[in-house]
Every structure is written in C-alpha cells, then in structure tokens.
Amino acid sequence: MTVEELTRDRADDLADLLREAMPEESLSADELLACCWDDPEPGDGDGDPIGVVLAIGDGDGHRLVGAASAVCRTIGDRSAGVRVAWVKLVAVDPHHRRRGIGHELMAAIEAWAWTNAASEVHLAGSPPFYLWPGVDATATEMLCLVESRGYQEVGTDVNMALGTAFRAAPPGDVEVRRAVADHDAALVGELVARHWPEWLDETRRAIEHGCCHGAFVGTEDPDGERAVGFVCHSVSRAGWLGPMGTD
C-alpha cells in the first residue's frame with residue numbers, strides 16, 4: 001500500500017470515498033475543504049498549527065480506497081505548551097476493508113504527528129473545527145481499530161437532535177437577529193471573548209457565513225446595547241448547531 005498526501009484539489013475524490021464509506025453522514029466537498037484543508041490557516045512558525053490529509057488509492061490512482069485527516073497544534077503558550085495531534089477523519093471503502101488499510105492510515109498519521117513534535121494523539125474533537133466530537137459509539141469497526149492500536153476512552157460527549165417546528169418568542173426586552181452588521185458582530189464577539197474565548201474562531205467563521213444569531217438588549221440605546229446570547233449553526237457541517245451560549 002502506498003500512502004500519499006492528498007491536496008485540496010482532490011476534495012471531490014474524498015467526498016466520493018465518504019459517500020461509499022459513510023453515506024448517512026452526507027459530507028460535502030465544501031465541508032471537507034473547510035475542516036480538513038482550511039483548518040488551520042498556514043502559519044509561519046514552529047508552534048503554528050498544521051494539517052494533513054493522507055490517502056491510499058486503488059492501485060491505478062483513480063479512486064481512493066481509504067483516507068485520514070489530522071491537525072497538529074500547540075495548546076497553551078507556544079514555547080511551553082503541549083503539542084497535540086487530532087485525528088479528524090478515518091474512512092475506508094467498505095469493499096476494501098479487512099485488508100489493513102485502516103491500520104496503515106493510522107500508522108501514517110501517527111508518524112506524521114510524532115514528526116511534528118506531537119506528544120499526544122487524540123480521536124476526539126479537534127477544536128475549533130471538527131467533523132465529529134469523537135468516535136461514534138456505533139462505529140464498531142473504528143472502535144476496534146483504535147483500541148487495537150492502544151487508544152483509550154477518556155470521556156463521552158452527546159450529540160442531540162433538535163426539532164425545528166416549535167418557535168418560542170424571546171422575552172419582551174430581547175431582540176434576536178442575525179449578526180451580519182458590523183455593530184452586531186462586534187457585540188457578539190465581545191460576549192464570546194468574555195465568556196468563551198475558545199469559541200472565537202468558530203463564531204467568526206459563522207459570522208462570515210451569515211450563520212450566527214445574537215440576542216440583544218438595550219436596543220433603544222445605541223450606546224447601551226449589548227449581546228446577552230448567541231447561537232451559530234452550520235459552522236463545520238450543514239445543519240449542526242453550535243457553539244451557543246447565554247451571558
């Protein structure tokens with residue numbers, strides 16, 4: 001098997017593989033570009049985040065039979081922080097499983113991580129832009145793969161489905177609107193920076209895409225208006241909610 005680095009012009013090929021490997025996820029090429037190639041933006045120093053997408057072809061190079069993506073970034077101060085690699089994605093075509101392709105991809109990702117000074121490899125999240133919060137409990141083959149490679153469970157996150165038929169009116173002194181105007185975006189940014197600075201990058205991307213709403217009070221007083229809540233959707237994946245928070 002030959003593992004190659006996949007460039008962003010192959011995003012459609014990666015999307016084709018995922019349609020075979022996990023059709024229920026409905027991941028688009030645009031979502032894969034945003035999460036696997038555009039996170040992170042290129043840096044200019046040893047401590048900057050970097051990402052990689054690795055793949056294995058079918059032999060003639062026309063079809064992908066497996067792929068994996070990871071990002072490596074420093075948590076904390078650049079000089080003294082912990083260097084961590086997050087695995088964003090591992091996928092193998094169902095017709096090519098039981099041949100060791102998953103192991104080969106994980107070994108390549110781990111080697112890439114150690115080469116880039118990572119001291120840990122995680123399969124959960126990959127803040128700020130991720131495709132899943134971790135390995136799904138129903139992904140038995142993936143769980144077996146990573147357990148056989150020595151990974152250990154460190155916690156559990158829950159994804160919940162939200163029905164959209166119900167609408168509740170906001171309190172009378174609160175106005176909810178899409179944060180597209182510079183003034184609204186700034187107020188939402190101030191709220192997020194004050195309480196959840198780790199969500200700033202996601203919120204900024206949501207504002208850029210028109211996918212962030214804010215809850216504002218003091219709307220009759222331009223100098224006293226402030227954001228008391230916010231919610232984003234479709235930041236990394238269409239229809240997924242978050243981040244969100246209330247002052």
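Anything mentioned here points back to the structure above.
Scoring rules and cut-offs
Going along each chain's sequence as written, the residues are numbered from 1 onward. This being a predicted model, a pLDDT of at least 70 is required before a residue's local features are given, and a value of 80 or more before pairs of side-chain atoms are given or counted; all residues contribute to the totals for chains, interfaces and linings. Only hydrogens and water are set aside when side-chain values are computed; all heavy atoms of the structure are taken into account. A fitted line through C-alpha atoms represents every axis, and for helices the fit uses only the stretch in contact; the resulting angles, taken between N-to-C directions, go from 0 to 180 degrees. Helix and strand definitions follow DSSP, with helices as H or I runs of at least four residues and strands as E runs of at least two, each counted in order from the N terminus. An angle below 35 degrees is read as roughly parallel, one above 145 as roughly antiparallel, one from 65 to 115 as roughly perpendicular, and any other as oblique. Any pair of residues with heavy atoms lying within 4.5 Å of one another is described as a contacting pair. In this scheme, strands are said to pair when DSSP sees at least two bridges between them.

### Focus on the packing of helix H1 (residues 11–21) against helix H2 (residues 29–37)
Two numbers describe how H1 lies on H2: the axes approach to 9 Å, and their chain directions differ by 110 degrees. Taken as axis vectors, H1 and H2 run roughly perpendicular relative to one another. Contact residues: H1 offers Ala11, Asp12, Leu14, Ala15 and Leu18, while H2 offers Ala29, Leu32, Leu33 and Trp37.

### Examining the sheet that holds strand S2 (residues 50–57)
Hydrogen bonds along the backbone pair up the strands of a sheet, which may run parallel or antiparallel. Reading across the sheet, the 5 strands line up as S1-S2-S3-S4-S5 and stay open at both edges, with mixed pairing between neighbours. The strands lining the two open edges of the sheet, one partner per strand, are strand S1 (3–5) and strand S5 (120–122). Each strand axis lies, on average, 30 degrees off the axis of its neighbour in the sheet, ignoring direction.

### Some words on unusual backbone geometry
Residue Pro128 follows Pro127 across a cis peptide bond; omega there is 5 degrees. Looking at where Pro128 falls in the secondary structure, it is placed in the loop between S5 and helix H4 (140–148). For the peptide bond that leads from Gly242 to Pro243, omega is 5 degrees, which places it in the cis range. Unusually for a residue other than glycine, Arg98 sits at a positive phi of about 70 degrees. With respect to the helices and strands, the residue Arg98 is situated in the loop between strand S4 (82–92) and helix H3 (101–115).

That is the geometry; function is a separate question.
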